[in-house]
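As a plain string of letters, each chain reads:
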Amino acid sequence: MKVLVVGATGGSGRAVVETLAGRGHEVTAFARRAGAVFGGRSGVRAVDGDATVREDVDRAVRGQDAVVVALGISEHPLRVRLLGSAGTPLDVRSRGTAAVVAAMREHGVRRLVVQSSYGVGATRDRLPLSSRVVFALLLRPQIDDHERQEDAVRASGLDWSLVQPVTLTDGTGEAVVSATGDAAGMRVSRRAVAAVLADLVEDRGDHQRSLAVSGTRRGLAPDARQGPSRTASPGQAGSS
Ligand SMILES: NC(=O)c1ccc[n+]([C@@H]2O[C@H](COP(=O)([O-])OP(=O)(O)OC[C@H]3O[C@@H](n4cnc5c(N)ncnc54)[C@H](OP(=O)(O)O)[C@@H]3O)[C@@H](O)[C@H]2O)c1
């Protein structure tokens, strides 16, 4: 498949580009400095562009089969909270996603997979207390933008999936995927989340759904393990 990854140079974006390319897809990596990261990488086409600029997004979306959005602000969240972001608008997730949705509608691209965050939308009330404190004190403006981003995705009329990971790490391990908002451990590796994103691109039927992605099966309520939950490892398709 031809797959566009928007926000391709962040930790999550890089992981999903590598996962998709490793599975043989034709990947277009889009970010403001995509060429600096992916230039010369075989199997990956790097496109430099700004996700908030409709013409840039149009150019990248045209001719794709599916789009993954992993937009975010790469700067330290404390700096962003205290001083604002140096180079990225605070509403980049919602504005960039709105531009992607508009371009997909115009060019007839239907499949959209968007990385949001656990604690947004349907999982807003499921956060443990410690995470609520972090969200309130440190992340609130960025989480509010994830809320607007999710609204834009739900209203898009596209074949969308929202992925809501808990805290991301650069480690390894399995992901637990839940359609009912259950989370086991509150940490999950970017590589395991990338495998979930890639599974969704390949169309596992989770359309018009939000999926919580957490880090370990341990601690998940027994009834939640059946049906809506499944595990996915890096480099391995999710299994029911
Ligand atoms: N960190 C966590 O624990 C955690 C947990 C759950 C969910 N999330 C969410 O997961 C998402 C990805 O997080 P991450 O930490 O893996 O990645 P990240 O480091 O925040 O990367 C963000 C990506 O967005 C790109 N980007 C930003 N502004 C852009 C623009 N105007 N045009 C094009 N590209 C732009 C960046 O590239 P350039 O700046 O080079 O353009 C980069 O590729 C975020 O939305 C985050 O809120 C994070």
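Residues numbered from 1 in each chain as written. Predicted model: local features only at pLDDT ≥ 70, side-chain atom pairs only at ≥ 80, totals over all residues.

This part takes up the overall build of the protein. Of the regular secondary structure elements, the protein holds 8 helices and 11 strands. Expressed along its principal axes, the backbone C-alpha trace of the protein runs to roughly 45 × 40 × 35 Å. For the protein, restricting intrachain contacts to residue pairs at least 6 apart in sequence, the fraction spanning at least 24 positions comes to 73%. (Helix = DSSP H or I, 4+ residues; strand = E, 2+ residues; numbered from the N terminus. Contact = placed C-beta atoms within 7 Å.)

With that settled, the discussion passes to the site of the ligand. Close to the ligand lie 29 residues; G7, G10, S12, R32 and G72 are nearest. Elements with a minimum of two residues in the shell around the ligand: α1 (11-22), α5 (92-107) and β7 (167-169). By residue class, the composition of the shell around the ligand is 9 nonpolar, 15 polar and 5 charged. (Near = placed C-beta within 6 Å. Nonpolar A, V, L, I, M, F, W, Y, C, P; charged D, E, K, R; others polar.)

What follows deals with the pairing of strand β6 (residues 159-165). Buried residues dominate β6, accounting for 6 of its 7 residues. Inspection of the sheet shows strand β5 (residues 111-115) paired to β6 by 5 bridges, in the parallel sense. Residue Q115 lies in a different strand from β6, and its bridge partner there is V163. The parallel pair β5 and β6 is bridged by helix α6 (residues 129-154), and the resulting crossover is right-handed. (Buried ≥ 20, exposed ≤ 12 C-beta atoms within 10 Å, placed from the backbone. Pairing = 2+ DSSP bridges. Right-handed = clockwise from strand over helix to strand, strands pointing away.)

The next subject is helix α3 (residues 54-61). Among all positions in α3, only V57, A60 and V61 are buried. Along the axis of α3, the buried positions cluster into a sector of 95°, meaning they face one direction only. For α3, the elements touching its buried residues are β1 (2-6), β2 (26-31), β3 (44-48), β4 (66-69) and α5. Downstream of α3 by one or two residues, G63 has phi in the positive range, about 85°. (Arc of directions from axis to C-beta.)

On to the packing of α5 against α6. For the pair α5 and α6, interaxial distance at closest approach is 8 Å and the crossing angle is 15°. Here α6 runs roughly parallel to α5, going by the angle between their axes. The two elements α5 and α6 meet at a crossing, and its hand is right-handed. Only D145, H146, R148, Q149, A152 and V153 of α6 make contact with α5, whose side of the interface consists of R93, S94, T97, A98 and V101. (Axes fitted to C-alpha atoms, helices over the stretch in contact; angles between N-to-C directions. Parallel < 35°, antiparallel > 145°, perpendicular 65-115°, else oblique. Left-handed = near helix turned anticlockwise from the far one by under 90°.)

When pLDDT is low, close inspection of the predicted coordinates is not appropriate. For the protein, per-residue confidence averages 91 on the pLDDT scale, and 90% of positions sit at 70 or higher. The low-confidence segment residues 218-228, where pLDDT is below 50, has 17 contacts with residues more than four positions distant or belonging to other chains. When the criterion is pLDDT under 50, residues 235-240 qualifies, and its contacts beyond four places in sequence or with other chains add up to 15 contacts. (pLDDT = per-residue confidence, 0-100.)

The subject of this paragraph is the packing of α1 against helix α7 (residues 190-201). Closest axis-to-axis distance for the α1/α7 pair is 8 Å, and the angle between their directions is 55°. When the interaxial angle is binned, α1 and α7 end up oblique. Of the two elements, α1 crosses α7, and the hand of that crossing is right-handed. Residue-level contacts link G11, S12, A15, V16, T19 and L20 of α1 to R190, R191, V193, A194, A195, L197, A198 and V201 of α7. Grouping the amino acids of the contact of α1 with α7 by side-chain chemistry returns 9 nonpolar, 3 polar and 2 charged.

Turning to the nonpolar core, a few remarks are in order. If you look at the biggest cluster of nonpolar residues, it comprises 67 residues, and the most contacted ones within it are V5, V6, A29, V67, V68 and L197. Element by element, the count of residues in this core is highest for α7, at 9 residues. When residues no more than four places from it in sequence are discounted, the contact partners of V67 are L4, V6, V61, V100, M104, V109 and L112. (Core = buried A, V, L, I, M, F, W, Y, C linked by C-beta atoms within 7 Å.)

Looking at the secondary structure, you find E150 in helix α6. Separated by 20 residues in sequence, E150 and D170 place their C-alpha atoms 25 Å apart. Those residues within four positions of E150 in sequence are excluded, and the remaining contacts are S116, V120, G121 and L162.

Okay, unusual backbone geometry next. Positive phi is not limited to glycine here, since Q208 has a value of about 55°. Here Q208 is to be found in the loop between α7 and β10 (209-214). Among the residues examined, Q208 registers 12 C-beta atoms within 10 Å and is labelled exposed.

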